[in-house]
Structure formats: structure tokens, C-alpha cells
There are 2 protein chains.
Amino acid sequence: MEQAQQYVGSRVNPDDLKLFCMRAMEQAGLSRRHAEQTAEVLVTTDTWGTFTHGTRQLVPLLNNVKKGALNAGVEPEIVSEGPGWTLIDGHYAMPMVSSQLAMRSAIDKARSSGIAYSGVRHSSHYGAAGYYALMAVEHNMIGLSFSNVDVCMTVPGARAPVMGTNPLAYAVPAGEERPVFMDIATSVVAISKVIAAKTAGKPIPDNWLVDEEGRPTTDTSAYPARGAIQPMAGHKGYGIALLIEILSGVLTGASFLSGIGRWLEEEPKPADEGHAFIAMSVESFMEADQFKARMDSMIREIKNAPKAKGVDRIYLPGEMEWERSEEAHRSGIELPDFVLTNLFKVAEENDLLENLISILKKE
Amino acid sequence: MEQAQQYVGSRVNPDDLKLFCMRAMEQAGLSRRHAEQTAEVLVTTDTWGTFTHGTRQLVPLLNNVKKGALNAGVEPEIVSEGPGWTLIDGHYAMPMVSSQLAMRSAIDKARSSGIAYSGVRHSSHYGAAGYYALMAVEHNMIGLSFSNVDVCMTVPGARAPVMGTNPLAYAVPAGEERPVFMDIATSVVAISKVIAAKTAGKPIPDNWLVDEEGRPTTDTSAYPARGAIQPMAGHKGYGIALLIEILSGVLTGASFLSGIGRWLEEEPKPADEGHAFIAMSVESFMEADQFKARMDSMIREIKNAPKAKGVDRIYLPGEMEWERSEEAHRSGIELPDFVLTNLFKVAEENDLLENLISILKKE
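Residues numbered from 1 in each chain as written. Chains lettered and ligands numbered in written order. Predicted model: local features only at pLDDT ≥ 70, side-chain atom pairs only at ≥ 80, totals over all residues. Heavy atoms only, no water.

**Topic: the relation of the copies chain B and chain A**
Overlay of chain B on chain A (RMSD 0.0 Å): rotation 180°, translation along the axis 0.0 Å. When the rotation and shift are considered jointly, the pair of chain copies conforms to a two-fold rotation axis. Across chain B, the smallest distance between a C-alpha and the rotation axis is recorded for Ala-233 of chain B, namely 2.5 Å. Mapped onto chain A, 100% of the interface residues of chain B again fall at the interface, so both copies present the same surface. (Least-squares fit on C-alpha atoms with pLDDT ≥ 70 in both. Contact = heavy atoms within 4.5 Å.)

**What to know about the domain arrangement of chain A**
All names here are of chain A. Segmenting chain A into domains produces domain 1 (2-66 + 332-361), domain 2 (70-187 + 232-331) and domain 3 (188-230). If you average the C-alpha positions of domain 1 and of domain 2, the two centres end up 23 Å apart. On the domain 2 side, the residues contacting the 27 residues of domain 1 number 31 residues. Both sides together, the interface formed by domain 1 and domain 2 hides about 2500 Å², and carbon and sulfur atoms give 60% of it. In this structure, the connection of domain 1 to domain 2 is made through 2 salt bridges. Elements with a contribution of two residues or more to the side of domain 1 that touches domain 2: helix 2 (14-27), helix 3 (32-47) and helix 4 (58-67). Counted by class, the side of domain 1 that touches domain 2 contains 11 nonpolar, 13 polar and 3 charged residues. (Domains from an automatic or database assignment. Buried area = accessible area lost by both parts, 1.4 Å probe. Salt bridge = Lys/Arg side-chain N within 4 Å of Asp/Glu carboxyl O. Helix = DSSP H or I, 4+ residues; strand = E, 2+ residues; numbered from the N terminus. Nonpolar A, V, L, I, M, F, W, Y, C, P; charged D, E, K, R; others polar.)

**A few points about empty space enclosed by the protein**
Any empty space left between atoms is shown by rolling a water-sized probe over those atoms. In total, this model carries 2 cavities of 30 Å³ or more according to the counting rule given. When its volume is computed, the largest cavity comes out at roughly 250 Å³. Looking at the largest cavity, it is lined by 20 residues, and the ones nearest its centre are Leu-144, Phe-146 and Leu-243 of chain A together with Leu-144 and Phe-146 of chain B. For the lining of the largest cavity, the secondary-structure elements that each account for two or more residues are strand 5 (141-147), helix 8 (235-250) and strand 11 (273-281) of chain A together with strand 5 (141-147), strand 6 (168-172), helix 8 (235-250) and strand 11 (273-281) of chain B. (1 Å grid on protein atoms, 1.4 Å probe; cavity = no way out; pocket = protein on both sides within 12 Å on 5 of 7 lines; lining within 4 Å. Points joined across faces, edges and corners; volume = space filled by probe spheres on them.)

**Observations concerning the pattern of salt bridges**
Under the criterion given, the structure shown has 50 salt bridges over all chains. The partner of Glu-75 of chain A in a salt bridge is Arg-33 of chain A, and the shortest N-O contact between them spans 2.9 Å. With Glu-75 of chain A in the loop between helix 4 and strand 2 (77-82) and Arg-33 of chain A in helix 3, this residue pair connects regions lying 42 residues apart in the sequence. The shortest N-O distance in the salt bridge between Glu-212 of chain B and Arg-226 of chain B comes to 3.2 Å.

**Things to note about the interface of chain B and chain A**
Between chain B and chain A, the contact holds 77 residues from the first and 77 residues from the second. For the pair chain B and chain A, the summed buried area comes to about 6200 Å², and 73% of that belongs to carbon and sulfur atoms. Counting across the interface, chain B meets chain A through 2 salt bridges. With its nearest N and O atoms 3.7 Å apart, the salt bridge here joins Lys-309 of chain A to Glu-213 of chain B. The interface formed by chain B and chain A holds 28 residue pairs in polar contact (both at pLDDT 80 or more) in total. (Polar contact = N/O pair within 3.5 Å; in protein donor to acceptor, adjacent residues only side chain to side chain.)

**A look at the side chain of Ser-325 of chain A**
With respect to the helices and strands, the residue Ser-325 of chain A is situated in helix 10 (residues 319-331). Given a relative accessible area of 9%, Ser-325 of chain A falls into the buried group. (Buried < 20%, exposed > 50% of the residue type's maximum accessible area, 1.4 Å probe, protein only.)

**Structural notes on the confidence of the model for chain A**
Averaged over chain A, the pLDDT score is 96; the fraction of residues at 70 or greater is 99%. Interface confidence for the predicted complex, expressed as ipTM, amounts to 0.98; the pTM equals 0.98. (pLDDT = per-residue confidence, 0-100.)

**Thoughts on the side chain of Thr-47 of chain B**
Residues and elements named next belong to chain B. Within the secondary structure, Thr-47 sits in helix 3 (residues 32-47). Among the residues examined, Thr-47 registers a relative accessible area of 4% and is labelled buried. Thr-47 has contacts with Pro-14, Glu-321, Arg-324, Ser-325, Ala-328, His-329 and Ile-333, leaving out every residue within four places of it along the chain.

**Some details on the sheet that holds strand 11 of chain A**
The strand order across the open sheet built from 7 strands is 2-3-4-11-5-6-7 (chain A), with neighbouring strands paired in mixed fashion. For this open sheet the edge positions go to strand 2 and strand 7 (180-184) of chain A, each flanked by a neighbour on one side alone. Strand-to-strand twist of the sheet, defined as the mean angle between neighbouring strand axes without regard to direction, takes the value 10°. Lying over the sheet, helix 8 of chain B contacts strand 5, strand 6 (168-172), strand 7 and strand 11 of chain A, oriented at roughly 135° with respect to strand 7 of chain A. (Pairing = 2+ DSSP bridges. Axes fitted to C-alpha atoms, helices over the stretch in contact; angles between N-to-C directions.)

**Some thoughts on the pairing of strand 2 of chain A**
All names here are of chain A. Bridge analysis of strand 2 against strand 3 (residues 85-89) gives 5 bridges, and the strand direction is antiparallel. Each residue of the ladder has a partner; that of Glu-77, found in strand 3, is Asp-89. In this antiparallel pair of consecutive strands, strand 2 and strand 3, the connection spans 2 residues.

**Considering the sheet that holds strand 10 (residues 228-229) of chain B**
Residues and elements named next belong to chain B. An order of 9-8-10 is seen for the 3 strands of this open sheet, with the pairing classed as antiparallel. The outermost strands of the open sheet, each flanked by one partner alone, are strand 9 (216-217) and strand 10. Here strand 8 (residues 209-210) runs beside strand 10; their pairing, made up of 2 bridges, is antiparallel. The residue of strand 10 that forms the bridge with Leu-209 is Ile-229.

Printed below as a string of C-alpha cells:
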């Protein structure tokens, strides 16, 4: 989209972007609260620089509402609960709404239980796994977040996609240091990196893809029509992805493996992904301040370790995201072209072009 | 040890081996119960074929008792607990004793809480992480087990060991299929594989080690004096190892990173490793039979996936271990030479040579 390209390099205030997203979603029939909860997840993800999972996903999310794979007008429902667990039927409400409900419930229960688990079934793509893990941190809790996703990754011995690149995220509070925070897929790299190498005509390391016969390949030419992405760390990543499949899919009553619908495609079948969330209250084990001081001490020992040649800094998981987030809140988010293209599409379809242009500040 | 070599190829009945281990430990001052619990973990590990973590560890364990880094005569103590958590001070009792207490407690609490966590501090090498995860399976629970260990692994950007190869294990019950079961270190490979390549004079893939300047190397010649092993999957494995460090070390009040003592060395300083265990009761979420049928369905879908060229079988995590374990219970365990060497050492030091020889059945 030509118009979007003109705004590459401009910056947008996160609050302005959030309001824009909310307006678009309200016009698509979402309640103000659902629109706000969804926008909060998407915009926060953009502030980390994780643009693949941020506001660009408004287009497929609203497309899912349009095709009937997500329901604008329903609320997720708690179908069973106990002292340390909650099971939620998402009823295909916006996945970010069901997921926040689930994580809030885990946090509430972990206060007395020490640890609590929430599962969600009948859901769809929940955005960045890490958002929900981070919700725990402000309550002096450790947060974990998992989801199964539609099949696109092979496993050792197979030659075709068997599982999803099931994401895993966690966040842990610290004291003077920033919370430790990780949000990863269990594939060796993101599929977008394979596509980028293919576009650039570059070979890839031989642990990224298998070809249609299941052999490791450095050639991206047949992908994604044939071949599949590999799990991180071979059989170890396969095993971790499988644990996530069980915690978020098998245990919640959601679909799993090939049963999961493809939310990005035009088929109206709902995805039926499942999500799993765990909160652990550090105050069950020691004073929060003591825990945080111990975290600071661990973090500093790692940062102060002898550096590899040519390296001047060792990063803790999440440090890059915190720095980008601080910059985004200070100076606005600099959205890359593929995000702008998506936002302009949303703006056009919802008669919000003027609003979008007004919030994009060119330098 | 020459005598040990004569028995390579012989098989030992797991129960006989357990009794031998118990006798040796009782002579070292352990109570019968502690000796039995420890032997149970070590021998079970041998039945899986995970010989690096089985009865061969009797030598260093008893050496730890001798040097005062483990206490033969104490009991681990529950120092705090709540509806879904238990915190245990191991008081440097045998780590297998503290760990079984911890996992049993998590299982008991998960029955009403849905999920429960147990942490252990003031412990040492707990053997194979997977033993404790598997304890949950017979109670229709999912089990997880983690430990921090002494520093030997680098992290991205560092040039020296910063963390341990913190192990992670899980086990999940199934129905007609065997439980899914994984027990891994978070390093890219076991250190023993690096040493084996070094002994054979073979180069290694460049993601196994960094050299003393922190650069990936295929040359093992300076290791382990200089350089360090790499985490699995680069920054992803680093992040997962760090989560384990937090759950088992920071949260329990155990030592972490360089604070952990080296249990294999002669220094009398206790290791002060920490362990973390989680149990989740599937019956909180659905009937156990329904869960198991869903697990079977997931397992079969993976096993029936299209195979890579030249592959006739896709393995689930744990399948190889189950098959070795069944074979071991049917025909005895065929112990490799390095295990036999260790067992003969224990036998000699504890006047149990005749006993050991009597249980080794040559074909």
C-alpha cells in the first residue's frame, strides 16, 4: 500500500495507537472493554519491537471476526475451578480477553495457593505469549504462558509438519534490575526469518528446515509449499514443544496437533487453540524484597561475566525488549512498513484513515 | 580396574543391584530407608540406559558423605508450606531423599489444589531429574522436575562458564500408550559427548563449545581446562536454563550460579544446589480416562506422521527409555565398563566384592 510507505520512519505514541486500534475493533462489533484489552496486548507487543505479533495482527483478527471464527459478542466462561486452578471456555471470544481473564485468575489464586494454573480452550491466536507472563510480575509473582498453535513444525524422524511452533514465555520480578522476561517459539527460528532468507536468495543454516523428504536443507526455494521448520535443539525442543501441546491443548480440552484450525486462512473453522498460564507467588517462599535482591544478585553476576571477544555486553532475557519499550514510551514507536501496511488496511476498511494519519508523527 | 573389565557384557538383575547399593550405603552410615530411596533412584536410572546418572554415582555420593558435604544421619525438613506449596531444607541429607519427599508433597497437595510446587534448598546432585517427574504419573498427574547445578555452561556473549547445564524433566500419563517422559540438560549436548569426541580425536559441531575467547569452536583440545559448553538453541536455551536457576535456586533459598559448590571435587564445601518440583492433577480438569485417551490420540498422530527418508519410526520422548527399562527388567541391565569400574570401587571399599560378583551374570 503506497500510502503506508510514506509514513515509514514516523513515530506513533503508544496511547494514540491503542485508541486507534480500539476504534477499529469497536466498529467491528467488539465491546469497548474487549477492544481495549486486545489493543493493550497488541500495542504493548509493538513497544517491545516484536512487530510480528503486535498491531499488525489487527487485520487477521478482524478477519476472523468477519469470517465467524471469532465471536465479537461473547464472554469467556469459567467452566471449572478449584483452589489452584481455573479452566476457561473461551467461546471464541477475542483470545486476548480470555487469556487476561485466565492469567488474572491464576494470579488471584496463587496469592493463597502459592502456585496456580489456568487453562483456556476454544480460543485462537493469543498474540505474544509474554504479555500474560508479565502480568504476574507487578504482583510479585513469576508468570508463565504457553499456547499450542496450528501445525507447521516437524519433529525428529518426520518429513512434514507435525506440531506448532508452540510458544513459551516467562517473566520474573527483580529489584533494581529489570524483570527477566523471555518469549520464544519452540522452533529453531521464526518462520519469518526463513521467508526473509528466501526473499534475499540466501542459504540458511541446515538446522532451520527439512525438505520434503525430511532431510535438513540449506535451500529455502521449496518452502513453505514443501518441507517444514525444525524444532529448536532437535529432540530437546521437540520434547518442550510437546509439553506445551499437552499443558495448553490436551489438558484444557482444546484441539491439538492437526485438529487445530488455521486462523490465518480463509476457512471459517475456528482455530480451537488452547492456552496455559501459571502464576507463582514468591511471597509464599520468602519476603518479596529478599527474592528481588537475590534476583538482582543473579542478574549482576551474569552481566559481569567475562565477555567473549568483541562483545561489550551480556544481555539478560528481556533486556532488549525493556530498552525498546522505554524508547517507545519516550519517543514513540517507529513502526516498520509491514505494520504500517496493515494499519492502513484497517483504517481504510473502517473509515479511520484521517485518525491514523493524524497520529503518525513524521520526524 | 582390571577386575571390572572381566564383567563387561554381564547382566545384573535390577533388584540385586539395588540391594548391593543399599548395603554399600548402609555401611557408609545411611539409614536403611535413605539407602533404599537413593538406590531406587540410581538403579531405575540405569534401567533406562542413562548410565551417566545411575549407580556409577555411588562413588561420588559416598565420597560426599566421607568429606562431609552430605550428611548420612539427618532428615530433610519442611520449613514452610501452604495449600499448593512446600519448601524443604535438605540439611544436606541424601538429595534423593529430600527430592522424593518434595515430589510426594507436591503430589499430595495437587490432589486438592490442582497444581502444587515443592522447592528444596541445601541439597546436592539429585541424580536423574526424570525419576521425580515420573513419580507423579502413577497418581494421574503431570510431573515436572528441575535443578540448578554447578557452573559449567556459557551464555551468549560470555567466554567462560556462567551457569550450570540445569536439567529439566517432565512426565505425563497416557492410556494404552506409554507415558511421555523427557529428561534433558539445557546444554546443547552432554559434557560426556564432548569428552568422547576429544578422546576419539574427532572435531565437534561448532555449536557445542566456545573457546577461551568465547568463540564457537570445533576443537576440543583445550577443553575442559579452557572454554565452556554452550546452551541448547543459543539464547532460547540460555533463557530456559535461567528459568530453572530461578525456580530451583533463587526461589528456594539455595545457592545459585557461582555460589554452588562442586560436588565432584574434593573441596568439603556442600554443593547447596536447589531443586524444584511441580505436580498437576489431570483429574482437576477432566476424567483421567478422558485425558489418557486424548494423550493416546496425540501420541498416535505423531507416531503415524509421514517419516523422513530412511526413518521407519518416530519416537515419542521417553520411548527409548521405556524399551530399555522393559528389557532391563526382563533380562537384566547390561552395565557399561565405566559403571562396572565404579561399582567394583564401591565393592572394594566396603568389603562387598563377593556380593557384587555374585550378582553379575555372564552370558
